[in-house]
Amino acid sequence: MIEVKVRVPGKVNLALRAGARRADGYHSLATVFMALSLADEITVTPGAAGSVTAAVTGEGHESVGSGPDNLAVRAALLLRDRHGTPDLGAHLAIDKRIPVAGGMAGGSADAAGALLACARLWELDVTQDDLLDLAAALGADVPFVLIGGCALGLNRGDRVTPVLSRGSFHWVLALAAQGLSTAEVFRRFDQRGDAAAPEPPPVPPALLNALAQGNAAALGATLVNDLAPAALSLAPELRRTLDAGLEAGAVGAVISGSGPTVALLARDEDAATTLAVRLSSEGVAKRLLKVQGPVPGAQFV
Ligand code: C5P
């Protein structure tokens, strides 16, 4: 049987600057994404004519629906409606590694993977720009997962431009036991009055320099997340994780996106190992994972 397999990375936001809620309910962002070596795998096979189905396995699969609300299923249906014919069918086998509701774009990654894999399975004549348009319609983080690497995200985070980076950065991810809803974290951000203006503050120029130079210590010092106060007010225990990471030698610590995953930046790969070992005895996370970035976006395996 024909089978198309893709690997889709999770992300961390190195900077996440947010403006006030807009009339459409979204927030204007200025964000810098980095794709990480923690990826979901999606295997697509032909389905019954006209039907798109999914099955989810792996990390946190119990809390991901496989019906029409699944973002990967919606991605396949949107692609078929815009660029295919109603008789096309597919089955999506989604194997999760990216934590669910973890602030690492796991659902968005699956949607990006479904777009790429179904376009190949159905032999559709679509360009990267076509896929990026569909991606933006599916969710703010989906376009980034298609391009991967490091990128600046403007508008809702969906208007992405690659940014220069040098070498690899080594991280320890502290995964939390309970997920956080992105919509809820943004609502708390609004209630707290955390937005300084309608437009987001700028990404620190020093952060972009540190990335371009491959300087982990300088990058660590410039990590910033405007959603952190809102996420911390919903999940106060994350403060301990951030502090413990810095005390254990991380050169930077940041809540990833809307949380609750905490990303700890290490000076190099050996330092990441030491950091993970030191933290493992502290009980500050459900699980610790060593990852590196940047990695490419959605890719055929
Ligand atoms: O785009 P996505 O569906 O991933 O976003 C989830 C929720 O996060 C949105 O419904 C919205 O409430 C909030 N959000 C936002 N501003 C953004 C991105 C997301 O308010 N730029």
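Residues numbered from 1 in each chain as written. Predicted model: local features only at pLDDT ≥ 70, side-chain atom pairs only at ≥ 80, totals over all residues. Heavy atoms only, no water.

1. Some details on the domain arrangement of the protein
So, step 1. The domain boundaries assigned to the protein delineate domain 1 (4-163) and domain 2 (169-293).
So, step 2. Spacing between the C-alpha centres of domain 1 and domain 2 amounts to 23 Å.
So, step 3. Of the roughly 2800 Å² buried between domain 1 and domain 2, counting both surfaces, carbon and sulfur atoms make up 64%.
So, step 4. Taken as a group, Leu 14, Leu 16 and Arg 17 account for 22% of the area that domain 1 buries against domain 2, more than any other trio of residues on that side.
So, step 5. The interface formed by domain 1 and domain 2 contains four salt bridges.
So, step 6. Between Arg 17 and Asp 226 there is a salt bridge; the shortest N-O distance is 3.1 Å.
So, step 7. The interface formed by domain 1 and domain 2 contains 18 residue pairs in polar contact (both at pLDDT 80 or more).
So, step 8. Elements that contribute at least two residues to the side of domain 1 that touches domain 2 include exactly strand E1 (4-21), strand E2 (27-46) and strand E5 (150-154).
So, step 9. Residue classes in the side of domain 1 that touches domain 2 are distributed as 19 nonpolar, eight polar and four charged. (Domains from an automatic or database assignment. Buried area = accessible area lost by both parts, 1.4 Å probe. Salt bridge = Lys/Arg side-chain N within 4 Å of Asp/Glu carboxyl O. Polar contact = N/O pair within 3.5 Å; in protein donor to acceptor, adjacent residues only side chain to side chain. Helix = DSSP H or I, 4+ residues; strand = E, 2+ residues; numbered from the N terminus. Nonpolar A, V, L, I, M, F, W, Y, C, P; charged D, E, K, R; others polar.)

2. Things to note about the sheet that holds strand E9 (residues 252-255)
So, step 1. Taken in spatial order, the four strands line up as E9-E10-E7-E11 in an open sheet, and their pairing is antiparallel. Only two strands of the sheet have a single neighbouring strand rather than two, namely E9 and strand E11 (287-293). Averaged over all pairs of adjacent strands, the angle between strand axes in this sheet comes to 25 degrees, irrespective of strand direction.
So, step 2. Of the pairings in the sheet, the one linking strand E7 (residues 169-175) to E11 comprises seven bridges and is antiparallel in character. The residue bridging Trp 171 from the neighbouring strand is Val 291, located in E11.
So, step 3. The sheet strands contacting helix H10 (residues 269-280) are E7, strand E10 (262-266) and E11, and the helix crosses E11 at an angle near 170 degrees. (Pairing = 2+ DSSP bridges. Axes fitted to C-alpha atoms, helices over the stretch in contact; angles between N-to-C directions. Contact = heavy atoms within 4.5 Å.)

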